[in-house]
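# A look at the structure
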Amino acid sequence: MLESNSSRPAYHQCYEILRDKILNGEISGGTKIVEEKIAAELGFSRTPVRESIRKLENEGLIVKKRVVKPTEKDLRNMFSVRILLEGYSARCAATFLKDNDIEKLYEYVEIGRKGNKEEIMSANESFHNDIVKASNNPVMIDIIDRMQAIIYLFRKTVVIYNRPHLIDEHEEIYEAIKSRDGEKAEILMKKHLENDLSFYLHVMSNE
């Protein structure tokens, strides 16, 4: 289940609002981000606004206080990195994840089949994040963390537009990890993310 907004820190609420406005095009590329203006518009103090801007800068959506709109080439480049790192992480998960942590992956799969949109998005995020953490590589984990805004954009699209076989692919990855078949888990994860990218670009080209 997603946490309610009231339980989230102010900076995280502010970050999510700003991120969505940028990714939805409500704040267009090139727009200058002014702390005072954002704080007044969103009803937050300047401290959480400043922290949320810093996180968006870290994720590459804001550069030199201006909004950056990722091009298709940017998205493809970032996703190529994600495919490599998460593929490797899936291989690691098959080796290092404990049995109870592997069963958590199946819980996320079940939520993906039965939950509402918000629950499915949250389960999708947890499924991928738990596998990335299994790499036990803080550098890789940090690189993925810096891509969270873009990852969210893809996650939202594949869930809202009901990408075919999304949860089936999660279950296949889970089965490979449960079987301790690292090579298969890596191949399946890479294919899964390639399918996400293709689906997202297809949806965007029709809008």
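Up top is the structure.
Everything numeric here is computed off the predicted structure, so don't read it as measured data.

A few words now on the overall build of the chain. When helices and strands are counted, the chain shows 10 helices and two strands. Listed by position from the N terminus, the elements making up the chain come as α-α-α-β-β-α-α-α-α-α-α-α. The C-alpha radius of gyration computed for the chain amounts to 18 Å, which stays within 12% of the reference 17 Å derived for 207 residues, consistent with globular compactness. With the principal axes as the frame, the chain shows a C-alpha extent of 55 × 35 × 35 Å.

This paragraph deals with the pattern of salt bridges. Scanning all chains against the criterion turns up 18 salt bridges. Residue Lys21 is joined to Glu26 by a salt bridge in which the shortest nitrogen-to-oxygen separation is 2.7 Å. Judged by relative accessible area, which is 22%, Lys21 ranks as partly exposed. According to the relative accessible area criterion, Glu26 is exposed, its value standing at 56%.

What counts, and where the lines are drawn
Residues numbered from 1 in each chain as written. Predicted model: local features only at pLDDT ≥ 70, side-chain atom pairs only at ≥ 80, totals over all residues. Heavy atoms only, no water. Helix = DSSP H or I, 4+ residues; strand = E, 2+ residues; numbered from the N terminus. Rg over C-alpha atoms; globule rule 2.2 N^0.38 Å. Salt bridge = Lys/Arg side-chain N within 4 Å of Asp/Glu carboxyl O. Buried < 20%, exposed > 50% of the residue type's maximum accessible area, 1.4 Å probe, protein only.

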